[in-house]
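Close look at the chain arrangement
Here is how the chains run, residue by residue.
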Amino acid sequence: MNELMIHDKFLERLQEGNFRGTVHSVFQKAINIMDEEGILYTILKKEMDKGPMALHVLEDDLSCLNINVKDPVTGDEHQLILGKVSISLKEMIPYGFLQREYRPSPFLASNIKKVRLQLEEMKDENPSPYGREVERLLNERLSHLKNAFMRDDEANILEASLKLIGLGPGLTPSGDDMILGILSVLNLKNTPHEKYRYLYEQVIEHAYTQTNILSYFGLKRAYDGWIRQDITDFTIAMIEKENIEKELEKILQIGSSSGQDIAYGILSLLEASDIERKGV
Amino acid sequence: MAVKTIIRKNTYFDSVSLMALSTKANGVEGVKQVNIAMGTTMNKDVLKNTGLLQKEAEDAKPGDLMIVIEGDEGYDMDELLKNVEEVMERKTAQGEDKDVTYSSIEAAVKQHKEANVAVISVPGAYASRVAGKALREGLHVMMFSDNVSLEDEIALKKEAHERGLLMMGPDCGTAILNGKGLCFANEVRKGSIGIVAASGTGAQEVSVRIHDFGGGVSQLIGTGGRDLSEEVGGIMMLDGIKALQEDEGTKTIILVSKPPAKKVADKIYEVVKKSEKPIVICFLGGVKDEIEASGAIYAKTTKQAALQAVILSGVPEETINKHSLNLQLIEEVKAKLTPEQKYVRGLFCGGTICSEVAYLVKEEVGEIYSNISKDPKYIIGNLEDSKGHTFIDFGDDSFTQGRPHPMIDPSLRLERIVKEAKDPEVGVIAIDMILGYGSHMDPVGATLPAIKEAKKIAAEAGRHLEILAFVLGTELDPQVFDDQVERLMAEGVTISSSSENTGLLSRGFISKEAK
C-alpha cells in the first residue's frame, strides 16, 4: 500500500512497539482498528482531511482492500499489518493538531446568519412522525444548551449536553455531532466559554455507555483537542473569514448529515458567544 | 399500527450507506416508513414516545443498528420484514450500486471512469464551483441550477469551449444525448434531427412534434436561457451547432430560442452559412428575411420547425398528420361565449410554451400582459391579478424561489385557474400539461379538481368557460399520454395538439366579429 501521513500520536504508539488489535469496521473511506487496550485507530483515504489517531493511505476505496472485520492487526515502528495487508511506515509524514485561537472578526455575525439560513434550507421537509420527534428533540436540546451558555448556567450546560448524547440518526448520532461542534469552539484558546470545557469530561464519560464506540472516540478525541481538520477549518473560517464557501462545502460533505449537525453545534455556540459579545 | 423490528448487532454502516439503505427500504411496497438508528438510550426513548418500541429494540445496545418497519394496512408484516431484509442484503452485498452517493465530483469520477456527463442541480451559490470541477475532470456539464451569476456562466462556457466540452446551462432543463433524456425530457423516437435550444419547453415541444410527425431526434443540446444574450455571446449555441455538424447521426439541425442579441445572431448566421447540413431556425419573433439570408430555413413556430426538419429528414410529407386547425370548432366556441367574455388567460408551466402561445395570440388580439413580457409596459405589476389578456409563466423565478418547478408540482397554478373562472370577462383559459421524465407523474390528475371547480363556477354564473389544454408528450412517456388526454376531455376540456395550435385556437375562440 502507498502511504502518506500519520497523526504523530499514532506514530508514537506504534514506535512503542507491540501494537496488537483487530479490525473493528471497514468503510469506503475509513478502516477502524481497536487495539488490545480498547483504543481506536483509523486508516483513512488520502483525500480525507487530517483526523485524530489516523494514518492516511493512497488507496481509493478502502472497502476493496481485502481487509475484513476481525482481521488481526499487528504493528511496530516499521509497519502496520492488517490481515494480509501490510502498510509500510517508512517516509511517513507525521502531523499534529495545534490549538487555534478565538479572534472574532466583523464577519462573524454575517457568517452566522448565512450559515444558519443555508442549514435551514437543507432540512428534510417531510420526515416521518419518528423523524419529526427526533428533530424536535434535537432542536429543543441544542437550543437549551445555547441558552445555558448564554446564561452561564453550568448545571444546564451539563444537563443539556448529556441529553444530546446518543440522540438522532446516523452512525454518529446527530446529538453527538452537535457536541463535537460545540467542542470545536470550546477548544479554541481564549474562547468566551472556555471555562466550561471541563464539564465535557463528564459528558465524554457518559458517552462511553450511551453511544456507539466510534462516536465515543470521536468525542473523546475532540475533548483531547484533536478534531478533524475540516471541522476546525470551518470553525476558524466562521470566526475570521469573509468568504467561507470552501470551508462550508467541506464540512457539509462529512457523512450524510453529520456535517450539518456539527455545523449546527458550532453555530449555536458561536451565536451564544456573539450575542454576549454584543451585550444583547 | 403494524410494526416489526430488525436488530443488526454490532453493525456499523457509514452514514451515507445508512441513508441509502433507508431510501431502499422505504421503497419496498407495503412499507409505510422505515426508521433506522443506532440502539442508544435516547433513540430508544424516541421510539417509545412514538409508539414504535418493541422488545427487540429495548434490548439493543448502542453499537447495534435498529431497523424499525411500519407497514401499510393489509400487508403481511413477516413478508414485509423479509422483503426489507432482502433489499438491505442486496444493497450491502453489491460491489457496484447505481444509487451510491459520493461526497465530491472527484470521488465519483474515480469510481466511474466511464462517465462523461455531470448533471448539476445544487443551489446556485455552489453550482459554479461544482461545474468547474466537473469540467476539469473532463466531463460535459448540464447545469439545471439557476441563480448563477452571468460572470460565472461566461467563465464556465469559455472554459468548456477551450476544453472541447459542452456546458449546458445554467438554467438548462432539457437535453437528450445519445438517446438518453436528462432532467426534463420526453421519450421520443431516435432519428437524424439534432436540436440546439436555448429554451427548455421549446426544446421539448420541438422534440415531441418531430416524434409526432414521424421523425426522430439524434441529439438535443440545451444551452441555458441566457446563452444568446450579448454578454454570453452564444458560446454554447455555437459549440452545440459544431457538435451536431460533427455528429454522424445528425443530418438536419434545428435551432430554437427567443430572438438572440443582434451581434450573437450575426455570429450564428455566419456559422449557418457555412453549414453542410440543413439548418432550420426558430427564433420566436425573429426576422424571417435575416434568417433566410443566412441560408437557413425559417420557422415561425416550434411546430413549423419540427415539420420542416422532418420533411428534410426524408419523411414523406403526405404521410404527416399536420393537425390543421379545426375551424369549425373555433366557430362553435365563439358562439358559446358572450360579448363580455373577451379575454384569454394563459396559465403555463413551460416558459417557451407561454411565450409562443402569447406571441400568436398577440398577433391577433393586440396587447398581452405577462410576467415575462419583454416590453416593460406590459409586465404585469401584480402577479396575483390579471389584466386584459394575461399570460403567466409559473416556472419563472418569481414563482419558484424555494419551491419546486410547476412541471414537478403543478399545485401553484390551481388557485389561479379557479380565480380566473370567477372573472366574467374571461372566455378562454389556456393551460399546458407537460409529460415526460422529471415531470409530475399525473399532471392532469393534479389539475382536474381546479378545472372542475372552474367549470362549475362558470356554469353557475350562466356562462360557458372554454378551457383549452395542450398536453405536451408522446405515447412513450411514462404518464400515459392517451389517459391524460381522455381524462381532460371527459371534463369538457378542449385539447390542442401543439403549442402553435394552442395559440391559434385561443385567439380564434376569443376573437369578436366587428359590428
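To keep things clear, this report deals only with the structure shown in the data block. On a predicted model such as this, the values are computed, not experimentally measured, just so you know. (Residues numbered from 1 in each chain as written. Chains lettered and ligands numbered in written order. Predicted model: local features only at pLDDT ≥ 70, side-chain atom pairs only at ≥ 80, totals over all residues. Heavy atoms only, no water.)

**With respect to helix α7 (residues 213-223) of chain A**
Residue and element names in this part refer to chain A. This is how the line gets drawn: For every residue, the accessible area obtained with a 1.4 Å probe (protein chains only) is divided by the maximum for its type, and the residue is called buried under 20%, exposed over 50%, and partly exposed between those limits. Helix and strand labels come from DSSP, where a helix needs a run of H or I of at least four residues and a strand needs a run of E of at least two; each type is numbered from the N terminus. When checking whether two residues touch, look at their non-hydrogen atoms; a contact exists if any pair is within 4.5 Å. For this analysis, a polar contact is any N or O atom pair within 3.5 Å, provided that within protein one partner can donate a hydrogen and the other can accept it, and provided that sequence-adjacent residues contribute only side-chain to side-chain pairs.
The buried count for α7 comes to 9 of 11 residues, which makes it a mostly enclosed element. Those residues of α7 that sit buried are Ile-213, Leu-214, Ser-215, Tyr-216, Phe-217, Leu-219, Arg-221, Ala-222 and Tyr-223. Those residues of α7 hidden inside the fold are in contact with β2 (19-26), β3 (30-35), β4 (40-45), α5 (174-186) and α6 (200-210). N-cap assignment for α7: the residue whose side-chain oxygen lies 3.1 Å from the backbone N of Leu-214 is Asn-212.

**A word on the sheet that holds strand β4 (residues 117-120) of chain B**
All names here are of chain B. What counts, and what does not: DSSP bridges decide pairing: two strands pair if at least two such bridges lie between them.
Strand order in the open sheet made by the 3 strands is β4-β5-β6, with parallel pairing throughout. Every interior strand has two partners, whereas the edge strands, β4 and β6 (167-168), have only one. Where β4 lies against strand β5 (residues 140-143), 4 bridges are found, and the strand directions are parallel. Looking at β5, one finds that Val-119 is bridged to Met-142.

**Describing the interface of chain B and chain A**
The line we're drawing: Two parts placed together each lose some accessible area under a 1.4 Å probe, and adding up what both lose gives the buried area. A side-chain nitrogen of Lys or Arg and a carboxyl oxygen of Asp or Glu constitute a salt bridge if their distance falls within 4 Å. In this classification, Asp, Glu, Lys and Arg are treated as charged, Ala, Val, Leu, Ile, Met, Phe, Trp, Tyr, Cys and Pro as nonpolar, and every other residue, Gly included, as polar.
Taken together, the contacts link 31 residues of chain B with 41 residues of chain A. Both faces combined, the contact of chain B with chain A buries some 3000 Å², and carbon together with sulfur accounts for 55% of it. On the chain B side of the contact with chain A, B:Tyr12, B:Met42 and B:Tyr126 bury the most area, a combined 22% of that side's loss. Counting across the interface, chain B meets chain A through 3 salt bridges. A salt bridge links B:Arg129 to A:Glu245; the nearest nitrogen and oxygen atoms lie 3.6 Å apart. Remark: the boundary between chain B and chain A carries 8 residue pairs in polar contact (both at pLDDT 80 or more). Listed by contribution, the elements that provide at least two residues to the side of chain B that touches chain A are α1 (15-26), β2 (31-38), α2 (41-49), α5 (105-111) and α6 (124-136) of chain B. Its residues assigned to classes, the side of chain B that touches chain A comprises 16 nonpolar, 11 polar and 4 charged.

**Section: α5(A)**
The condition that has to hold: The length a helix should cover is 1.5 Å for every residue beyond the first.
With 13 residues, α5(A) should reach 18 Å at 1.5 Å per residue; the first-to-last C-alpha distance of 19 Å fits that figure. Most of α5(A) sits out of view: 13 of its 13 residues are buried.

**Some words on the packing of helix α14 (residues 351-365) of chain B against helix α19 (residues 499-510) of chain B**
Residue and element names in this part refer to chain B. Test applied: Throughout, an axis means a line fitted to C-alpha atoms (over the contacting stretch in the case of helices), and angles, computed between N-to-C directions, take values from 0 to 180 degrees. Crossing chirality is assigned from the near helix's rotation relative to the far helix, an anticlockwise turn below a right angle marking it left-handed and a clockwise turn marking it right-handed.
For the pair α14 and α19, the least separation of the axes is 8 Å and the interaxial angle reads 35°. Judged by the twist between their axes, the crossing of α14 over α19 is right-handed. Here Ile-353, Glu-356, Val-357, Leu-360, Val-361, Glu-363, Glu-364 and Val-365 of α14 come into contact with α19, specifically with Ser-499, Glu-500, Thr-502, Gly-503, Leu-504, Ser-506, Arg-507 and Ile-510.

**A short note on the sheet that holds strand β1 (residues 2-8) of chain B**
All names here are of chain B. Spatially, β1-β3-β2 is the arrangement adopted by the 3 strands of the open sheet, whose pairing is antiparallel. Two strands in the sheet have a free side with no partner beyond their single neighbour: β1 and β2. Averaged over all pairs of adjacent strands, the angle between their axes in this sheet comes to 15°, without regard to strand direction. Running at roughly 160° to β2, α1 makes contact with β2 and β3 (65-71) of the sheet.

**Focus: the pattern of salt bridges**
Residue and element names in this part refer to chain B. For the structure shown, the criterion picks out 48 salt bridges over all chains. Note that Lys-55 is salt-bridged to Asp-59, the shortest N-O span being 2.6 Å. By relative accessible area, which is 53% here, Lys-55 ends up exposed. Overall, Asp-59 belongs to the partly exposed group, its relative accessible area being 43%. With a closest N to O distance of 2.6 Å, Lys-300 and Glu-363 form a salt bridge. Within this pair, whereas Lys-300 is found in the loop between β13 (297-298) and α12 (302-312), its partner Glu-363 is found in helix α14, the two being separated by 63 residues in sequence.

**Describing the nonpolar core**
Here is the rule we go by: Take the buried Ala, Val, Leu, Ile, Met, Phe, Trp, Tyr and Cys residues and link them wherever side-chain atoms come within 4.5 Å; each set so joined is a nonpolar core.
In terms of nonpolar packing, the biggest core is built from 95 residues, with A:Leu145, A:Phe149 and A:Tyr200 touching the most fellow members. Setting aside anything within four residues of it in sequence, one finds A:Leu145 in contact with A:Ile157, A:Ala160, A:Ser161, A:Leu164, A:Ile179, A:Ile182 and A:Tyr200.

**Considerations on the side chain of B:Thr250**
All names here are of chain B. You can see Thr-250 is positioned in the loop between α9 (235-246) and β11 (252-257). For Thr-250, the side chain forms a polar contact with the side chain of Asp-247, separated by 2.6 Å. When neighbours within four sequence positions are excluded, Thr-250 is seen to be in contact with Ser-192, Gly-194, Ser-218, Gln-219, Leu-244 and Lys-277.

Distances and angles like these do not, on their own, reveal function.
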